[in-house]
Amino acid sequence: YQRPNKLTARMLVHQRFSRNTYGWNRWVYDHLSLKPGMQVLELGCGTGTLWQENVSRLPREIQVVLSDYSPGMLAEARVHLGRDDRFTFIEFDAQAIPLASARVDLVIANHMLYHVPDISHALSEVKRVLRPQGHLAAATNGEEHMRELYDLMRQFDPNVRKDNNSASRFGLQNGDAMLAPFFAHRDLFIYDDALWITEPEPLVAYIQSMWGMGTWDLGAGDDH
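All of the points below concern the structure found in this document.

Analysis parameters
Residues numbered from 1 in each chain as written. Predicted model: local features only at pLDDT ≥ 70, side-chain atom pairs only at ≥ 80, totals over all residues. Heavy atoms only, no water. Helix = DSSP H or I, 4+ residues; strand = E, 2+ residues; numbered from the N terminus. Rg over C-alpha atoms; globule rule 2.2 N^0.38 Å. Buried < 20%, exposed > 50% of the residue type's maximum accessible area, 1.4 Å probe, protein only. Contact = heavy atoms within 4.5 Å. Areas by Shrake-Rupley, 256 points an atom, 1.4 Å probe, with all protein chains shown as cover. Lys, Arg positive; Asp, Glu negative; His and termini not counted. Charge placed at Lys NZ, Arg CZ, Asp CG, Glu CD. Polar contact = N/O pair within 3.5 Å; in protein donor to acceptor, adjacent residues only side chain to side chain. Pairing = 2+ DSSP bridges. Right-handed = clockwise from strand over helix to strand, strands pointing away. Core = buried A, V, L, I, M, F, W, Y, C linked by side-chain atoms within 4.5 Å. Arc of directions from axis to C-beta.

What follows is about the overall build of the chain. Within the chain, the regular secondary structure consists of nine helices and five strands. Seen in sequence order, the chain has helices and strands lined up from the N terminus as α-α-β-α-β-α-β-β-α-β-α-α-α-α. Computed over the C-alpha atoms, the radius of gyration of the chain is 18 Å, within 12% of the 17 Å expected from 2.2 N^0.38 for a compact globule of 224 residues. Principal-axis analysis of the C-alpha atoms places the extent of the chain at approximately 55 × 40 × 30 Å. The buried share of the chain, taken over its 224 residues, is 43%. In the chain, once contacts between residues fewer than 6 apart in sequence are set aside, the share between residues at least 24 apart is 74%. Surface summary for the chain: the accessible area is close to 12,800 Å², and the carbon and sulfur share equals 51%. Charged side chains of the chain number 22 positive and 28 negative; the gap between the two group centres comes to 5 Å.

Structural data, given as C-alpha cells:
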C-alpha cells in the first residue's frame, strides 16, 4: 500500500456491506481501554481511520504515535488528524521501532503484522518499547476470510491461489502461538461479521486492489 487508494477500496466494501452494523473501528476502540495519560503507538496506521471514527471518544490527556512504512499512508493520516496535538506521525519499519525501551503503554497492530517480513523480530521490538504492564492489541483474520471471493475469482482464473496468505503468516489459527514467546497472557476477542455485497463495482475494485490484480477484470462491461 504505497498510496491509500487500494486500502480505501477495501475499507469501502466493509463499510457499505458488513452485516455487523456496530462497526469494526468502534469495536476495536472499545477493547483498547484507553485512559488519560497513556502513551500509545499504532503500527501500520494506514489513513488513521481507527482514530477518525473515534476521535470524540479519545481522552484529552493522551499521546498517540501514528506510524506507517508507507509515506503516502502517513500523509493521508496527517491530513485528517494533523491538527490534533494528541497525534504524532512517524514513518518507520515495524522491525526497527525508533522509540526508547519501556516507553509505551499500548501498541496497536490492526491488520498489519502479516505484512511484516520478519514478524518475530517486529514482536520483539513491540515487547521492547512496551512498559512492563503494557499491552499489544493485534487484529487479524482467519483462514476462511474472503473464501467465497477466492472461489469466485477462480471461476475466471484457475491460477488464483487457493490459500489466504495473510492468515497463513499471522492469523486466527496461528497468531496465539506466534505471540506466546513474547506475551505470557493473551486474550482472544472475535468480531462476528459477514459481507453481503449487492453491487458488482465495489467488489471488482476490491479485487483490483489485491496483490497482482491491478488489471484483473470480472467481465466489466457485460451483463454478468
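Turning our attention to the side chain of S70. Examined against the element boundaries, S70 turns out to sit in the loop between β2 (63–68) and α4 (71–81). Accessibility expressed as a relative area gives 5% for S70, which makes it buried. Looking at S70, its side chain comes within polar contact range of the main-chain nitrogen of M73, at 3.2 Å.

Another aspect to go through is the pairing of strand β5 (residues 130–139). Examined bridge by bridge, strand β4 (residues 104–110) and β5 share six bridges and lie parallel to one another. Bridging from a neighbouring strand, A109 pairs with A138 of β5. For the crossover that starts at β4, traverses helix α5 (residues 119–129) and ends in the parallel β5, the hand is right-handed.

The next point concerns the nonpolar core. Ranked by size, the top nonpolar core spans 25 residues in total, and within it L41, L43, I97, V107, V126 and L136 carry the most contacts. Mapped onto this core, the elements with two or more residues apiece are β1 (39–43), β4, α5 and β5. Considering each element in turn, this core owes the most residues, five residues, to α5. In this structure, I97 is in contact with L41, L43, F92, E125, V126, R128 and V129, ignoring residues within four places of it in sequence. Residues W27, M38, C45 and L58 belong to the second largest nonpolar core, which totals 22 residues.

Turning our attention to α4. By the burial criterion, the buried members of α4 are M73, L74, A77 and L81. Taken end-on, α4 shows its buried residues confined to a sector of 95°, consistent with a single buried face. Against α1 (5–17), α3 (49–52), β2 and β3 (87–91) lie the buried residues of α4.

A separate point is helix α9 (residues 200–208). For α9, the full list of buried residues reads P202, L203, V204, Y206 and I207. On its buried side, α9 packs onto α1 and α6 (147–156).

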